[in-house]
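# Close look at the chain arrangement
If you want the building blocks of each chain, they are given just below.
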Amino acid sequence: MFILNDNNLRRVEELKKRYPAVQALTLPVLWMVQEQEGYISQDAMKYVAELLHMPYGHVLGVVTFYTMFHSVPTGRYHIEVCTNVSCMLKGSDRILEHLEHRLGIGCGQTTPDKKFTVTETECMGACGFAPMFAIGEEYHENLTPEKVDRILEGLS
Ligand code: FES
């Protein structure tokens, strides 16, 4: 059964003071869940729904709408490759193919050792530095296959 840890529960109590309705905490609380567990399970969604006094379907809708929320476990390094227009025009398909080939997995999959997950994502606002991907909160820009290799080699 999922439950937020004590530190996150304190954060929730602090946030409650800033908003007139607890439902406004949906996004920050889901972030806390994902930080704590690495993804947002169905069990955790039910917990959040109860915590914020809203229907489970509402929480499910938020989690499945935003691509930054993950409802299944990901690898230790989640590589989110932007394939939106600017990145596509600058060769994101080549970057994605290189990653798939190099890691031996398809887009949306996780390596058997649970180290890497590769997914496509929408524009992350770094169009001027296309093509790019994010690993967690870190952006890697102006990618080439050679640069991708160096990035992967730097991840322990
Ligand atoms: S299109 Fe890739 S960051 Fe905007």
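Residues numbered from 1 in each chain as written. Predicted model: local features only at pLDDT ≥ 70, side-chain atom pairs only at ≥ 80, totals over all residues.

### Considering the domain arrangement of the protein
Put simply, the test is: What counts as a domain boundary in this text is fixed by an automatic or database domain assignment.
Assigned domains within the protein: domain 1 (6–65) and domain 2 (77–153). Each of domain 1 and domain 2 was reduced to a C-alpha centroid, and the two centroids are 29 Å apart.

### Re unusual backbone geometry
Peptide bonds are, in most cases, trans, and in most cases residues other than glycine have a negative phi. To be explicit about the condition: Only DSSP runs of H or I with at least four residues qualify as helices, and only runs of E with at least two residues qualify as strands; both kinds are numbered from the N terminus onward.
The amide bond that connects Ala130 to the next residue, Pro131, takes the cis arrangement and shows omega of -5°. Mapped onto the elements, Pro131 comes out in the loop between strand E2 (116–121) and strand E3 (133–135). Positive phi, close to 50°, is recorded for Asn142, a residue that is not glycine. Relative to the helices and strands, Asn142 is located in the loop between strand E4 (138–140) and helix H7 (145–153).

### Digging into the nonpolar core
Looking at soluble globular proteins, one finds that nonpolar side chains tend to be buried together. For clarity, the cut-off: For our purposes the nonpolar core covers buried Ala, Val, Leu, Ile, Met, Phe, Trp, Tyr and Cys residues that link as a set through C-beta atoms within 7 Å. Residues with at least 20 neighbouring C-beta atoms inside 10 Å of their own are called buried, those with 12 or fewer are called exposed, and the rest are partly exposed, where every C-beta is derived from the backbone. Any two residues are considered in contact once their C-beta atoms, placed from the backbone, lie within 7 Å.
Ranked by size, the top nonpolar core spans 15 residues in total, and within it Ile79, Val81, Ile95, Leu99, Met132 and Phe133 carry the most contacts. Of all elements in the fold, only strand E1 (77–82), helix H6 (92–103) and E2 reach the threshold of two or more residues within this core. When residues of this core are assigned to their parent elements, the largest contribution, four residues, is made by E1. Once you skip the residues sitting within four places of it in the chain, Phe133 turns out to touch Ile79, Glu80, Val81, Cys82, Ile95, His140 and Leu143. Within the second largest apolar cluster, eleven residues are counted, among which are Val29, Met45, Tyr47 and Val63.

### Overview of the packing of H6 against H7
What counts is decided by this rule: Whenever a helix is involved, its axis is fitted only over the stretch in contact; in every case the axis is a line through C-alpha atoms, and angles between N-to-C directions fall within 0 to 180 degrees. Throughout, the term roughly parallel applies to angles under 35 degrees, roughly antiparallel to angles over 145, roughly perpendicular to angles from 65 to 115, and oblique to all others. Each crossing gets its handedness from the near helix: less than a right angle anticlockwise from the far helix is left-handed, clockwise is right-handed. Only Asp, Glu, Lys and Arg are considered charged in this grouping, and only Ala, Val, Leu, Ile, Met, Phe, Trp, Tyr, Cys and Pro are considered nonpolar; every other residue, Gly among them, is considered polar.
It is at 10 Å that the axes of H6 and H7 come closest, and there the two elements cross at 45°. With respect to H7, the axis of H6 lies oblique. The way H6 lies across H7 gives a crossing that is right-handed. When H6 is examined against H7, the residues Arg94, Ile95, His98, Leu99 and Arg102 are found in contact with a partner set consisting of Pro145, Val148, Asp149 and Leu152. For the contact of H6 with H7, the residue count by class is five nonpolar, one polar and three charged.

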